[in-house]
Amino acid sequence: MTTVHFAPDPEFALNPDLAHRLVGLFNRSAAMGLLRGPAITRLDPASIRRLVRDLQRHGIAGAAGVGLSPLMKDGPAQWDEATTRAMEDRLDQVAQALESSPAPAAEWPAMRGVFGDDWLAQFLCVSPSSMRRYAGGERDTPGAVIARLHWLAMVVSDLAGAYNDAGIKRWFDRSRAQLAGRSPRAALGREWDADGEMAAQVRALASVLSGAQPLAV
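To start, this report covers the structure provided alongside it. (Residues numbered from 1 in each chain as written. Predicted model: local features only at pLDDT ≥ 70, side-chain atom pairs only at ≥ 80, totals over all residues. Heavy atoms only, no water.)

### Remarks on the overall build of the chain
Moving on, step 1. Helix and strand counts for the chain come out as 11 helices and two strands.
Moving on, step 2. Going from N to C terminus, the chain has its helices and strands arranged as β-α-β-α-α-α-α-α-α-α-α-α-α.
Moving on, step 3. Since a compact globule built from 217 residues should have a radius of gyration of about 17 Å, the 18 Å found for the chain is in line with a globular shape.
Moving on, step 4. The dimensions of the chain, computed from C-alpha atoms along their principal axes, are 50 × 40 × 25 Å.
Moving on, step 5. In the chain, buried positions account for 45% of the 217 residues.
Moving on, step 6. Sequence-distant contacts, at least 24 apart, represent 65% of the contacts inside the chain between residues at least 6 apart.
Moving on, step 7. Of the roughly 10,400 Å² that the chain leaves accessible, carbon and sulfur atoms contribute 50%.
Moving on, step 8. Taking the average location of the 24 positive side-chain charges in the chain and that of its 24 negative ones, the two points are 6 Å from each other. (Helix = DSSP H or I, 4+ residues; strand = E, 2+ residues; numbered from the N terminus. Rg over C-alpha atoms; globule rule 2.2 N^0.38 Å. Buried < 20%, exposed > 50% of the residue type's maximum accessible area, 1.4 Å probe, protein only. Contact = heavy atoms within 4.5 Å. Areas by Shrake-Rupley, 256 points an atom, 1.4 Å probe, with all protein chains shown as cover. Lys, Arg positive; Asp, Glu negative; His and termini not counted. Charge placed at Lys NZ, Arg CZ, Asp CG, Glu CD.)

### Things to note about the packing of aromatic side chains
Moving on, step 1. In this structure the tally under the stated criterion is 10 aromatic pairs.
Moving on, step 2. Relative to Trp119, the ring of Phe115 lies with its centre 4.3 Å away and its plane at 10 degrees, an arrangement referred to as stacked.
Moving on, step 3. Ring centres 6.2 Å apart and planes at 25 degrees place the aromatic pair Phe123 and Trp151 in the stacked group. Taken together, the residues Phe123 in helix α6 (residues 117–123) and Trp151 in helix α8 (residues 143–159) connect sequence positions 28 residues apart.
Moving on, step 4. Through successive ring pairs, a cluster of aromatic residues spans Phe115, Trp119, Phe123, Trp151, Trp171, Phe172 and Trp192.
Moving on, step 5. One residue, Arg148, lies across the ring of Trp192, its end atom 5.9 Å from the ring centre. (Phe/Tyr/Trp six-rings, centres within 6.5 Å; stacked < 30°, edge-to-face > 60°. Lys NZ or Arg CZ within 6 Å of the ring centre and 35° of its normal.)

### Notes on the packing of helix α5 (residues 104–115) against α8
Moving on, step 1. The contact between α5 and α8 brings their axes to 10 Å, and the two run at 55 degrees. By the angle between their directions, the pair α5 and α8 is classed as oblique. Considering how the two elements wind past one another, α5 and α8 form a crossing that is left-handed. Residues Pro104, Glu107, Trp108, Met111 and Phe115 of α5 touch α8, and the partners they reach there are Val145, Ile146, Leu149, His150, Leu152, Ala153 and Val156.
Moving on, step 2. Broken down by class, the residue content of the contact of α5 with α8 amounts to 10 nonpolar, one polar and one charged. (Axes fitted to C-alpha atoms, helices over the stretch in contact; angles between N-to-C directions. Parallel < 35°, antiparallel > 145°, perpendicular 65-115°, else oblique. Left-handed = near helix turned anticlockwise from the far one by under 90°. Nonpolar A, V, L, I, M, F, W, Y, C, P; charged D, E, K, R; others polar.)

### Considering the nonpolar core
Moving on, step 1. Core analysis: the biggest nonpolar cluster contains 69 residues, and Phe26, Met111, Phe115, Trp151, Leu152, Trp171 and Phe172 have the highest contact counts within it.
Moving on, step 2. With nine residues, the top contributor of residues to this core is α8.
Moving on, step 3. If we ignore the near neighbours within four places in the chain, the residues touching Phe26 are Val4, Phe6, Leu35, Ile40, Leu43, Ser47, Ile48 and Leu51. (Core = buried A, V, L, I, M, F, W, Y, C linked by side-chain atoms within 4.5 Å.)

### Topic: the pattern of salt bridges
Pairing between side chains of opposite charge can happen when the charged atoms of each approach one another.
Moving on, step 1. Tallying each qualifying case throughout the model produces 14 salt bridges.
Moving on, step 2. We note a salt bridge from Arg28 to Glu99, for which the minimum N-O separation is 3.2 Å. Taken as a pair, Arg28 in helix α1 (residues 16–31) and Glu99 in helix α4 (residues 81–99) lie far apart in primary sequence, 71 residues in all.
Moving on, step 3. Residue class for Glu99 comes out partly exposed when judged on its relative accessible area of 25%.
Moving on, step 4. In this structure, the salt-bridge partner of Asp54 is Arg57, at a minimum N-O distance of 2.4 Å. Highlighted residues: Asp54 and Arg57, both in helix α2 (residues 45–57), separated by three residues, approximately one helical turn.
Moving on, step 5. Note on Asp54: relative accessible area 2%, which makes it buried. (Salt bridge = Lys/Arg side-chain N within 4 Å of Asp/Glu carboxyl O.)

This is the structure:
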């Protein structure tokens, strides 16, 4: 999983709403394993061009480059309000496209890198040997496992701005008042449903870290 950790760039200052959406999109793409290459440390036109190129390589957000072209041009970030709102809308559309586009071939190596094979296999309710066959393309990944894997990638993308890989892994095993004192992992239980009510509760708990972190600590 490509590391995403931005340092402030005074030459490419964005309004908070636009920057928030971009950072979220980078984190989501990284968690899904869609970003190639080294760590991303600057929120600048070059990084945005790289993001759009990698998403298009995977057949996602093919038209994003048109709507986001102002963000990919070198130079100061100076746009009128209408252009800014249009880019925010386009970023929301791309984020939703990722939400709706499981990519197991890319997500397997990304999530194995964060959690390790034993933890990941147990969490996804498969044997380690089956998981390795799925991840290696020797067998097709079952639909229920694809859904769990994609759900996990989405949660990791929500947590990535607050935790490193070790912290993300620990997050799943810490008790939470919002889950009646259980950890997210325990609350989900065995053979959990990625579209079920408990999965939605855990996802919501992770997602507040993007804007209301104290609720989840």
